[in-house]
Amino acid sequence: MSSIAYVNGVFTPLEDARVSILDRGFLFADGVYEVAAVIDGRLVDNPAHLARLERSLKELQLESPVSMAAIVEIEGALVARNGVREGLVYLQITRGVADRDFSFPKNVTPTLVAFAQKTTILAAPAAETGVKVATVPDLRWARRDIKSIALLAQVLAKQAATEAGCQEAWMVDADGFVTEGSSSTAFIITKAGAIVTRPNSEAILPGCTRRAVMALAAEQGLTVEERPFGVAEAQEAAEAFLTSASNLVLPIVEIDGRPIGAGRPGERAKRLRALYLEFARATAG
Ligand code: PDD
């Protein structure tokens, strides 16, 4: 059975889902997006994703064509109509279709598209094996806090990682500090047991999974430090892990060919994954 997508008010088979070549998302990457996980047929931490969507829209003076409540309805309909028990929902809002002109067009309705995908999240093999990371220079613009659909630097980063036999890229700023993964937040755990991640700023996306994992860690009495860290410190760390809506929490076992800790998923990263899963299942809606 073909999957069902949503385009500007219409649910349609994915292969028929179309936008104009004049859509500003296509021409200028003038738009924003969100990705939320689906577990047990319910959306994980979705209020946090919608709050970030509203913030991204506001920063770009973009207006959603429908209310946030209507977006929740659309997401729920995509999950139900596609029979997704485990996977994700992707949604994107662009400034709409207009003659090509860099400045904002007037009287144009933004484009809203969304689709659902079945993926393996809970029993992901990477949770057992851990993932390998390659570091690359961070080539992105200065407003990485906005979840922009302009993802070319992340595409190049992930491709470089793939070619190096790795599953994720960590992007490194001009001062030698890790900003984040190409599509995930970067964490290390020091030998003293502190969980370290870069503070939110315009340099990184404020991860929804990051926020929840930090709160869960603090509840467990674990030390959480928000500060930048470099590649050498990460390679010397006891453990490392990444967080994202699509992968939840995944242990990292290697950075640029150097094993992290024993080169196997660390116990604390595994524990944080289990805690996040519990939270996700208990709060999904
Ligand atoms: N990416 N940093 C970047 C650059 C990201 O693209 C993402 C998510 C994250 C993690 O954010 P969250 O925990 O809210 O998913 C951090 C999504 C999953 C994607 O682009 O597919």
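Residues numbered from 1 in each chain as written. Predicted model: local features only at pLDDT ≥ 70, side-chain atom pairs only at ≥ 80, totals over all residues. Heavy atoms only, no water.

Peer 1: I'd like a description of the sheet that holds strand S5 (residues 87-94), backed by residues and values.
Peer 2: Strands sit in the order S2-S1-S6-S5-S3-S4 across an open sheet of six strands; the sheet is antiparallel. Among the strands making up the open sheet, the edge pair consists of strand S2 (10-13) and strand S4 (42-43). The pairing of S5 with strand S6 (residues 111-118) spans eight bridges and is classified as antiparallel. Paired with Gly-87 across the strands is Lys-118, a residue of S6. Most of the contacts of helix H2 (residues 46-59) go to strand S3 (residues 31-39), to which it runs at about 180°, and overall it touches S3, S4 and S5. (Pairing = 2+ DSSP bridges. Helix = DSSP H or I, 4+ residues; strand = E, 2+ residues; numbered from the N terminus. Contact = heavy atoms within 4.5 Å. Axes fitted to C-alpha atoms, helices over the stretch in contact; angles between N-to-C directions.)

Peer 1: Requested: an account of empty space enclosed by the protein, with residues and values cited.
Peer 2: Under the counting rule described, the total for this entry stands at one cavity of 30 Å³ or more. A volume near 30 Å³ is recorded for the largest cavity. Taken together, Ala-36, Ala-37, Val-44, His-49, Thr-209, Ala-245, Leu-248 and Tyr-276 form the lining of the largest cavity. Grouping the amino acids of the lining of the largest cavity by side-chain chemistry returns six nonpolar, two polar and no charged. (1 Å grid on protein atoms, 1.4 Å probe; cavity = no way out; pocket = protein on both sides within 12 Å on 5 of 7 lines; lining within 4 Å. Points joined across faces, edges and corners; volume = space filled by probe spheres on them. Nonpolar A, V, L, I, M, F, W, Y, C, P; charged D, E, K, R; others polar.)

Peer 1: I'd like a description of the site of the ligand, backed by residues and values.
Peer 2: Surveying the vicinity of the ligand reveals 20 residues, the closest of which are Tyr-33, Arg-52, Glu-180, Cys-208 and Thr-209. Contact between the ligand and Lys-147: a nitrogen atom at 3.3 Å from a side-chain N or O atom of the residue. Here Thr-209 contributes a side-chain N or O atom positioned 2.5 Å from an oxygen atom of the ligand. Protein contacts shield 91% of the accessible area of the ligand, which totals 470 Å² for the unbound molecule. More than half of the atoms of the ligand fall within 2 Å of the grid points belonging to the largest pocket. Of all the elements in the fold, those that place two or more residues in the shell around the ligand are S3, H2, strand S9 (178-181), helix H6 (208-219) and strand S13 (239-244). Residues that form the shell around the ligand fall into these classes: five nonpolar, 11 polar and four charged. (Near = heavy atom within 4 Å. Polar contact = N/O pair within 3.5 Å; in protein donor to acceptor, adjacent residues only side chain to side chain. Areas by Shrake-Rupley, 256 points an atom, 1.4 Å probe, with all protein chains shown as cover. Sits in = over half its atoms within 2 Å of the grid points.)

Peer 1: Outline the packing of aromatic side chains, listing residues and values.
Peer 2: Applying the stated criterion across every chain, the model contains seven aromatic pairs. The interplanar angle of 25° and the centroid separation of 5.5 Å between the aromatic rings of Tyr-33 and Tyr-90 together place this pair among those described as stacked. In this pair, Tyr-33 is assigned in strand S3 and Tyr-90 in strand S5, connecting sequence segments 57 residues apart. As far as burial versus exposure is concerned, Tyr-33 and Tyr-90 are alike and both buried. Grouping aromatic residues by their ring pairs yields a cluster made of Tyr-33, Tyr-90 and Phe-115. Above the ring of Phe-104, the side-chain terminus of Arg-95 is found at 3.5 Å from the ring centroid. (Phe/Tyr/Trp six-rings, centres within 6.5 Å; stacked < 30°, edge-to-face > 60°. Buried < 20%, exposed > 50% of the residue type's maximum accessible area, 1.4 Å probe, protein only. Lys NZ or Arg CZ within 6 Å of the ring centre and 35° of its normal.)

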